[in-house]
Structures are given as C-alpha cells and as structure tokens.
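Each chain, written out:
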Amino acid sequence: MLDASTFKDSDLIKLSKENFISLQIDAETEYGLELFSKFNGTGYPLIIFLDPLGNEIDRFYGYIPAYEFIIKMNNVLSGQNTFVDYVEKYEQGNHSAEILRPLADKYKDKGENQKALSLFKELTLSSNVSKADYDYAMYQIASISLTTNNEIKLIKKFLKDYESSKKFEDAVFDLINHYKSNQMQKDELEAYNLYLNKLSHSYHFLNSYGWRMSELNLNLDDALKKINLAISLIDESNKSFPNILDTKAEVLWKLDQIDKAIEVIEKAILLDPESQYYKAQKEKFLNSNL
C-alpha cells in the first residue's frame, strides 16, 4: 500500500530527496530480519527515522496516506512531536497528559513495554488527564499487562467497567488472542459467545468469528449467519469487503457447499483481481470439487 500510493506522491518524493537518505529493506530477508530484531520491531511495515549517528528519532507502523507521512517527516525535520522531543520534555519536568500519552505510545511502539506501562500508570494520576485519555490509559495498562506479564484480571475488569470505551473491541480481541495463543480453546469459544451480541455491529469482529470457526470446523451454520450479517454492515467499496467474502467462501466450503463457495470467491476476485490469495482459494475449492 505504501509503495502503491503513499510513496508515489510528488510532494513526498521531493521532501524526501531534499532532506532524507531513504532506504527500503525487505524485513523477510536475513539482513532485514537482523535489522528488525535490532530495532525491536513489533509490526510491518516499520518506518524508522534515524539521525546521522544512527540514533532513533521516531518511528511508526503500518500504512498511512501521503499527507500524514509528510506531517511525520516535517515533525522530524522540526524536532517536534517525535520520540526524542517527548523524552526531552519529560526529562525537563513536563509530566502533563499531553506529554505522557504520546510518550507512552511511542515506548510501546518501540517494544519497551515496561516503560510504556509505567507512563500509562502515571497518566492516570495526572492532574490534567481527560476522561478519554484516562480510559485509553486504563486499556493500555490492561493490554500490556496481559501481553507482557500474562495478567488476565485487568483486561477482564476493563471489559466489565468500560463497555462504552472506544477500546472495548480491542480489549475483546486481546483476550481472545490470549486464549488462542495459549491453546485455551474452551475459554476462547466462551469469549466469542459472550461478546458476539455486544459486538454484533462490528463487521470486523463478526468476520473474525466466522474465520475462526472455519479454522476450528465448529459452529459453521452460526458462522455463516454471522458472516452474512457482517456483509450487510459493510459497503462493497470498503477495502475489507473482499476479505469478508473470502471468509464466507471458506465457511461455505467447510459446509460442503462448494459451488456457492466458488461463486462467492469469484466476487472477491472481481473486487481485488491482483490478489493471488483469492485465486488460490478458488483453485482450492475447484480441486475439492473433482
């Protein structure tokens, strides 16, 4: 996505050529894996800005449009709103919520979870913390404690006390992924059943449930109902729509409704003709029909 759109922006290219030395490295190569480990990467794509001595100025993950990328580049050039900037302000005694939240986020992005956890806890005690920042900090404390310290009580408490939070769905996924990674299938299924009604408006969660049931070969009829509900909640122009169609096709295939599965995956291919994965899915369905 970055190569296809963001990195083709003329203003971004000009700013980059005039002010940065840019390198693009495949993180799946031996050298790329070494660098990814050295910088304690936690996701792809990883964008890191370094000073001439190789010290990290800032980083971010994932796809962002060109205008946001340019903002981040200008922040690096001005020395504002970067990791280094926030650290300097914090060390100079500025422990306001405006500094604590972004600094904690940046430590988390760097994989320094204990520092992030300490700062999020400090944020909850800040005299000028807003309700939104407080709720966000409580989520991060619960999430980091779960992933780093295997502490499950805080995430369950967050889900009980903060059902209206914008981070509620993220917390549900944190809990389910914890159960999945620890092969606690009974608990995982109970969590899905507990939160399906609460997140019946989320095509993302319904799609996750449908795909996971196809993986486990369980509750397939219900999974098909939920994925059909997900499809009704999302517009075909949404980039996630073909992925949801793929989930429906997979569930239909598991239900031995192969012709219907082929029909659905063909719709996904029409929407995303460059996807080799969807084409492979169709071949899988066709071969099973022989």
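This write-up is about the structure you can find in this document.

Conventions adopted
Position labels on residues start from 1 in each chain and follow its written sequence. Totals for whole chains, interfaces and linings use all residues, but because this is a predicted model, local features are given only for residues with pLDDT of at least 70 and pairs of side-chain atoms are given and counted only at 80 or more. Excluded from the side-chain calculation are hydrogens and water; included are all heavy atoms of the structure. Only protein chains enter the accessibility calculation, which uses a 1.4 Å probe; a residue is then buried when its area is under 20% of its type maximum, exposed when over 50%, and partly exposed in between. By definition, any uninterrupted DSSP run of H or I lasting at least four residues is a helix, any uninterrupted run of E lasting at least two residues is a strand, and each is numbered from the N terminus. By definition, two strands form a pair when at least two bridges between them are found by DSSP. Take a side-chain nitrogen of Lys or Arg and a carboxyl oxygen of Asp or Glu: if they are within 4 Å of each other, that pair is a salt bridge. Side-chain atoms within 4.5 Å link the members of a nonpolar core, which is a set of buried Ala, Val, Leu, Ile, Met, Phe, Trp, Tyr and Cys residues. Here, residues are in contact when the closest pair of their heavy atoms is within 4.5 Å. To obtain an axis, a line is fitted to C-alpha atoms, over the contacting stretch when the element is a helix, and the angle between two such axes runs from 0 to 180 degrees between their N-to-C directions. We call two directions roughly parallel when the angle between them is under 35 degrees, roughly antiparallel when it is over 145, roughly perpendicular when it lies between 65 and 115, and oblique otherwise. Handedness of a helix crossing follows the sense of rotation of the near helix relative to the far helix, less than a right angle counterclockwise being left-handed and clockwise being right-handed. Any residue that is not Ala, Val, Leu, Ile, Met, Phe, Trp, Tyr, Cys, Pro, Asp, Glu, Lys or Arg is counted as polar, Gly included; the first ten are nonpolar and the last four charged. The pairing test for Phe, Tyr and Trp rings, Trp by its six-membered ring, is centres within 6.5 Å, and the orientation test on the planes gives stacked under 30 degrees, edge-to-face over 60, and tilted for anything in between. The residues that make up patches have over 30% relative accessible area and no salt bridge, and they are joined within 9 Å when like-charged or within 5 Å when they are Val, Leu, Ile, Met, Phe, Trp or Tyr. Per-residue accessibility takes into account occlusion by the displayed protein chains alone, with areas from the Shrake-Rupley method and a 1.4 Å probe. To estimate how far a helix should reach, multiply one less than its number of residues by 1.5 Å. It is the directions from the helix axis to the C-beta atoms whose arc is reported. Whenever a nitrogen or oxygen atom comes within 3.5 Å of another N or O atom, the pair is scored as a polar contact, on the condition that within protein one atom can donate a hydrogen and the other can accept it, and that pairs from neighbouring residues in sequence are kept only if both atoms are in side chains.

Counting buried positions along strand β2 (residues 56-61) gives five out of six residues, so the element sits mostly inside the fold. Relative to β2, strand β1 (residues 46-50) is paired through five bridges, and the arrangement is antiparallel. Pairing of Ile48 across the sheet is with Arg59, part of β2. Hairpin geometry of β1 and β2 is characterised by an intervening segment of five residues between the two adjacent antiparallel strands and by a positive phi of about 90 degrees at Gly54.

Our focus in this paragraph is the pattern of salt bridges. One pass over the structure, following the stated rule, counts 18 salt bridges. By sharing partners, the salt bridges in this structure join Glu56, Arg59, Lys110, Glu112 and Lys115 into a single network.

Here the focus is the nonpolar core. In terms of nonpolar packing, the biggest core is built from 46 residues, with Ile155, Leu159, Val172, Tyr195, Phe205, Met213 and Phe285 touching the most fellow members. Leave out the neighbours within four places in its chain, and Ile155 touches Tyr139, Ala142, Ser143, Leu146, Ala171, Asp174 and Leu175. Within the second largest apolar cluster, 18 residues are counted, among which are Phe83, Leu103, Leu119 and Tyr136.

Another aspect to go through is the packing of helix α6 (residues 113-124) against helix α7 (residues 131-149). Here α6 crosses α7 at 150 degrees, and the two axes come no closer than 9 Å. When the axis of α6 is compared with that of α7, the two are roughly antiparallel. Here α6 and α7 pass one another in a crossing that is left-handed. When α6 is examined against α7, the residues Asn113, Gln114, Ala116, Leu117, Phe120, Lys121, Leu123 and Thr124 are found in contact with a partner set consisting of Asp133, Tyr134, Tyr136, Ala137, Met138, Gln140, Ile141, Ile144, Ser145, Thr148 and Asn149. When the residues that make up the contact of α6 with α7 are grouped by side-chain class, the tally is ten nonpolar, seven polar and two charged.

This part is about the packing of aromatic side chains. Both the distance between ring centres and the angle between the ring planes are used here to describe each pair of aromatic rings. According to the stated counting rule, one finds 14 aromatic pairs in the structure shown. Centroid distance Phe36 to Tyr44: 4.8 Å. Interplanar angle 50 degrees. Geometry classified as tilted. Residue Phe36 is classed as buried on the basis of its relative accessible area of 16%. Centre to centre, the rings of Tyr192 and Phe205 are 5.6 Å apart; their planes meet at 40 degrees, and the pair counts as tilted. Of this pair, Tyr192 sits in helix α10 (residues 185-195) while Phe205 is found in helix α11 (residues 203-216), placing the two residues 13 residues apart along the sequence. Connected via pairs of aromatic rings, a cluster forms that spans Phe20, Phe49, Phe60 and Phe69.

Orientation of helix α13 (residues 241-254) relative to helix α14 (residues 258-271), taken along the N-to-C sense of each, is 165 degrees, at an axis distance of 8 Å. Looking at the two axes, α13 sits roughly antiparallel to α14. Along this stretch, α13 crosses α14, giving a crossing that reads as left-handed. Residues Phe241, Pro242, Leu245, Asp246, Lys248, Ala249, Leu252 and Trp253 of α13 lie in contact with α14, whose contacting residues are Ile258, Lys260, Ala261, Val264, Ile265, Lys267, Ala268 and Leu271. Grouping the amino acids of the contact of α13 with α14 by side-chain chemistry returns twelve nonpolar, no polar and four charged.

On the surface, Ile21, Leu23, Ile25 and Tyr31 cluster together to form a nonpolar patch covering roughly 520 Å² of accessible area. With respect to the helices and strands, Ile21 occurs in the loop between α1 (10-19) and α2 (30-38). Accessibility expressed as a relative area gives 83% for Ile21, which makes it exposed.

The subject of this paragraph is helix α12 (residues 220-232). Here α12 is 13 residues long and its end C-alpha atoms lie 18 Å apart, about the 18 Å a rise of 1.5 Å per residue gives. Residues of α12 that are buried include every one of Leu220, Ala223, Leu224, Lys226, Ile227, Ala230 and Ile231, and no others. Here the buried residues of α12 occupy an arc of 165 degrees about the axis, which is enough to place them on one side. Facing away from the buried side of α12, by more than 90 degrees, are the exposed residues Asp221, Lys225 and Ser232.

Another point: the side chain of Ser165. Its location among the elements puts Ser165 in the loop between α8 (153-161) and α9 (168-181). Within the local environment of Ser165, its side chain forms a polar contact with the backbone nitrogen of Lys167, the two atoms lying 3.0 Å apart.

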